[in-house]
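A look at the structure
What follows is each chain in one-letter form.
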Amino acid sequence: MNFKLITTPTESWGAIVQILVNRGIEKENIEHYLHTSDEDINSFESLGVNNLKAAAAALIHAIQNNLKVIIIVDSDCDGFTSSALLINYLHDLFPYWVENCLDYSFHEGKQHGLADHIETLLECNYSLVICPDSSSNNYVEHKKLAENATQVIVLDHHEAERISENAIIINNQLSDYPNKDLSGVGVTWQFCRYIDSVMKTSYADKYLDLVALGNLADMMSLKSYETKYLINKGFKNIKNPFIYYMAQKNAFKLGTEITPMGAAFYIAPFVNAMNRSGTMIEKKLLFESMLNYKAFQMVPSTKRGHKLGEQEKLVEQAIRTATNVKNRQTREENKGLETLEGLIEKNNMLENKILLFLLQPGQIDTNIAGLIANKFMAKYQRPCCILTRVEEEDEEGLVHMYYRGSARGYEKSGVTNFKDICEAGPNVEFAQGHQNAFGLSIEFTYQGGKAITEFLEYINQYFKDISPEPVYNVDYIYEGNNVNPQNILTIGALDYLWGQDIDEPYVAIKNLKITKDMVTIYAKSTNTLKITLPSKVSLMKFNVSEEECNKFQTDGFIELNVVGRCNVNEYNGWINAQIMIEDYEIIDSAKYFF
């Protein structure tokens, strides 16, 4: 186990200043960072006034003439919240048109953009197609729709090579918008703010809870003052039915307020699970629970043991269904893990610097490849790519073969740009997404897999000096029993700050000697290890094996190095400092302790 101090703590600084400086926030900007306000919201005009005007004109023309419009709901949490925000907002202004002329469509799996919808769109002759959180780079589809006299509005945040000449593109990456860390739902919200300014209304800010969830789920950087403010403001005023009911269901885990990390664990994964593993009916159910005018409709009950004719609120059914789908996804995930685990040893995959799975169609559910890659990345402490063979026929009838799927980088190795590394590699068709969570496609040749061999050789060379062992970057290192309880409590109370790029702190304890009388094992349900230091700070570790339990209950002493996260434990009016053990190593032990 390796750990290193990010910077030597400055004694005159408090923990909050030290930690934020370690995260790259300048000391003189910390007060501003901690107290962001409406002043940190950028002007929607910087998205491009001409494009905003064109999009609003196309939309209002369709509404005034009762024309049919469709929204393509992108297949992740940011996509769902983006489309739900736009529909809720338009329903405030034009309820009849929304309920009678506005359609919305979902992807079968984890596809993005217009490619899988284009044939249907051309057949149905919609006057306008709106793509929140996707489609900036669907140049071919934009052209086909334009030739069919169908306008396209894109409200997106993904990078693209150029601005499409056949669609109205509103995208913070392709404009002068200062904040590049605003997700699709944020761009959609800014478009609604623009319409508010035109219509002299003020509906957009009703949906900041959706803005918060979408940005959080899409891992937008909390170093951005605007993004941080919108997330915090949105979660302080929950109005959306789906978010509210999910928060109530998980109230014990979330606490009194939703934090970015709380939403990342107990709300966003249910939306993403639905997109990976839900049926079209289930996806529609969850999405409509985000729509204010549909969420509280009474629908036939699907509760186990329900009576004939019994009804329930749509949103309540959606929450229960989302839970069932999440459980179903977990079962599929475990099945996939078991399937792929045997391939690692069989194919000597640990000889390479990354785990590269090359699968046949149907070997695992491709919609959960990213989840499985996350598990393998953490277990084997190296990047992981799970790719499945795909064959495509070009316009000339030639068949091309690719391996496509999900890739995950391993940030603890110190590499933060795995996407860029892969994209620059040989035979890579594309690498699209976030730096350490993205889609990858490698071209394949039939001559003995030369393309894959070349790619692996490139990756192995690139990572040749990188150890697979994790390196924990810590904010404080304590020596022995010299652990400051107040510091632990202060850090533990800052959980509302942690999120993307503002990582939750690790602290380390070196050369900690513990004896049997300092150790308590709670074995009622799962083995829980508790080590109580003389300072009354408790070190906690859950799901400890029987072997580990026995090690900590021997006579004499054990000397440890420990890395963990800070926590505030409140019970029966008592407040105690805790360190939740992330990792540890035994560096010495003796049968007797003098």
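Heads up: these notes are all about the structure in this document.

Rules behind the numbers
- Residues numbered from 1 in each chain as written.
- Predicted model: local features only at pLDDT ≥ 70, side-chain atom pairs only at ≥ 80, totals over all residues.
- Heavy atoms only, no water.
- Core = buried A, V, L, I, M, F, W, Y, C linked by side-chain atoms within 4.5 Å.
- Buried < 20%, exposed > 50% of the residue type's maximum accessible area, 1.4 Å probe, protein only.
- Helix = DSSP H or I, 4+ residues; strand = E, 2+ residues; numbered from the N terminus.
- Contact = heavy atoms within 4.5 Å.
- Pairing = 2+ DSSP bridges.
- Axes fitted to C-alpha atoms, helices over the stretch in contact; angles between N-to-C directions.
- Patch = residues over 30% accessible without salt bridge, like charges linked within 9 Å, V, L, I, M, F, W, Y side chains within 5 Å.
- Areas by Shrake-Rupley, 256 points an atom, 1.4 Å probe, with all protein chains shown as cover.
- Salt bridge = Lys/Arg side-chain N within 4 Å of Asp/Glu carboxyl O.
- Lys, Arg positive; Asp, Glu negative; His and termini not counted.
- Charge placed at Lys NZ, Arg CZ, Asp CG, Glu CD.
- 1 Å grid on protein atoms, 1.4 Å probe; cavity = no way out; pocket = protein on both sides within 12 Å on 5 of 7 lines; lining within 4 Å.
- Points joined across faces, edges and corners; volume = space filled by probe spheres on them.
- Nonpolar A, V, L, I, M, F, W, Y, C, P; charged D, E, K, R; others polar.
- Polar contact = N/O pair within 3.5 Å; in protein donor to acceptor, adjacent residues only side chain to side chain.
- Parallel < 35°, antiparallel > 145°, perpendicular 65-115°, else oblique.
- Left-handed = near helix turned anticlockwise from the far one by under 90°.

1. Re the nonpolar core
- By size, the foremost hydrophobic cluster in this structure holds 117 residues, and its most contacted members are Leu-59, Trp-97, Phe-191 and Ile-531.
- Looking at which element gives the most residues to this core, the answer is helix 4 (residues 77-93), with nine residues.
- Aside from chain neighbours lying at most four places away, what touches Ile-531 is Ile-514, Met-518, Val-519, Val-537, Ser-538, Leu-539, Phe-552 and Leu-560.
- Core analysis: the next-biggest nonpolar cluster, separate from the first, contains 22 residues, Leu-387, Met-401, Ile-421 and Phe-463 among them.

2. Brief notes about the sheet that holds strand 2 (residues 69-73)
- Strand order in the open sheet formed by five strands is 3-2-4-5-6, and the pairing between neighbours is parallel. Of all the strands in the sheet, just strand 3 (102-106) and strand 6 (168-171) have a single pairing partner and so form its edges. With direction set aside, neighbouring strand axes in the sheet form an average angle of 15°.
- The sheet contact formed by strand 4 (residues 128-132) and strand 5 (residues 151-156) spans five bridges and is parallel. Paired with Ile-130 across the bridge in strand 5 is Ile-153.
- Relative to the sheet, helix 8 (residues 184-199) contacts strand 4, strand 5 and strand 6, its axis offset from that of strand 5 by approximately 120°.

3. Focus on a negative patch on the surface
- The grouping of Asp-181, Glu-411, Asp-501 and Asp-503 at the surface amounts to a negative patch.
- Residue position: Asp-501 is located in the loop between helix 20 (485-492) and strand 16 (507-515).

4. Considering empty space enclosed by the protein
- Per the stated rule, a full pass over the model turns up three cavities of 30 Å³ or more.
- In this structure, the second largest cavity encloses a volume near 50 Å³.
- What lines the second largest cavity is Ile-514, Thr-515, Lys-516, Val-519, Lys-551, Phe-552, Thr-554, Gly-556, Phe-557 and Ile-558.
- Grouping the amino acids of the lining of the second largest cavity by side-chain chemistry returns five nonpolar, three polar and two charged.

5. Some thoughts on the environment of Gln-18
- Its location among the elements puts Gln-18 in helix 1 (residues 15-22).
- Distance in space between the C-alpha atoms of Gln-18 and Trp-574 is 27 Å, their sequence separation being 556 residues.
- Contacts of Gln-18, omitting those with residues within four sequence positions, involve Thr-7, Thr-8, Pro-9, Thr-10, Trp-13 and Tyr-476.

6. Topic: helix 11 (residues 241-249)
- Within the span of helix 11, buried status applies to Pro-241, Phe-242, Ile-243, Met-246 and Ala-247.
- Considering only its buried residues, helix 11 is in contact with helix 9 (208-217), helix 12 (251-254), helix 13 (260-266), helix 14 (268-277), helix 15 (280-288) and helix 16 (314-346).
- The N-terminus of helix 11 is capped by Asn-240, whose side-chain oxygen sits 3.1 Å from the backbone nitrogen of Phe-242.

7. Some thoughts on helix 10 (residues 225-235)
- Most of helix 10 is tucked away, with nine of its eleven residues classed as buried.
- Those residues of helix 10 lying buried are Tyr-225, Glu-226, Thr-227, Lys-228, Tyr-229, Leu-230, Ile-231, Gly-234 and Phe-235.
- In this structure, the buried side of helix 10 is in contact with helix 2 (30-34), helix 8, helix 9 and helix 13.

8. Description of the environment of Asn-88
- Mapped onto the elements of the fold, Asn-88 is located in helix 4.
- Through-space distance from the C-alpha of Asn-88 to that of Met-290 is 8.5 Å; in sequence the pair is 202 residues apart.
- In this structure, Asn-88 is in contact with Tyr-207, Leu-210, Asn-240, Met-290, Leu-291 and Asn-292, ignoring residues within four places of it in sequence.
- Within polar-contact distance, the side chain of Asn-88 engages the backbone oxygen of Met-290 at 2.9 Å.

9. Overview of the layout of surface pockets
- Roughly 1,500 Å³ of internal volume is contained in the second largest pocket.
- What lines the second largest pocket is a set of 31 residues, and nearest its centre among them are Lys-253, Tyr-266, Asp-495, Asn-567 and Val-568.
- For the lining of the second largest pocket, the secondary structure elements donating two or more residues are helix 12, helix 13, helix 20, strand 19 (538-542), strand 20 (557-571) and strand 21 (574-590).
- At seven residues, the largest contribution of residues to the lining of the second largest pocket is made by strand 20.
- For the lining of the second largest pocket, a count of residues per class yields 16 nonpolar, eight polar and seven charged.

10. Remarks on the pairing of strand 12 (residues 428-434)
- Pairing analysis gives six bridges linking strand 12 to strand 13 (residues 437-444), with the strands arranged antiparallel. Directly across from Gln-432, in strand 13, lies its bridge partner Gly-439.

11. Some words on the environment of Thr-36
- Here Thr-36 lies in the loop between helix 2 and helix 3 (49-64).
- Along the primary structure Thr-36 and Asn-232 are separated by 196 residues, whereas in three dimensions their C-alpha atoms are 9.4 Å apart.
- When sequence neighbours within four positions are dropped, the list of residues in contact with Thr-36 reads Tyr-225, Lys-228 and Tyr-229.

12. Digging into the packing of helix 16 against helix 17 (residues 369-380)
- Their axes nearest at 9 Å, the elements helix 16 and helix 17 cross at an angle of 50°. Classified by the angle between their axes, helix 16 and helix 17 sit oblique to one another. Crossing handedness for the pair helix 16 and helix 17: right-handed. Packed against helix 16, whose contacting residues are Gln-329, Glu-333, Gly-336, Leu-337, Leu-340, Glu-341 and Ile-344, the element helix 17 presents Leu-371, Ile-372, Lys-375, Phe-376, Lys-379 and Tyr-380 at the interface.
- Residue classes in the contact of helix 16 with helix 17 are distributed as seven nonpolar, two polar and four charged.

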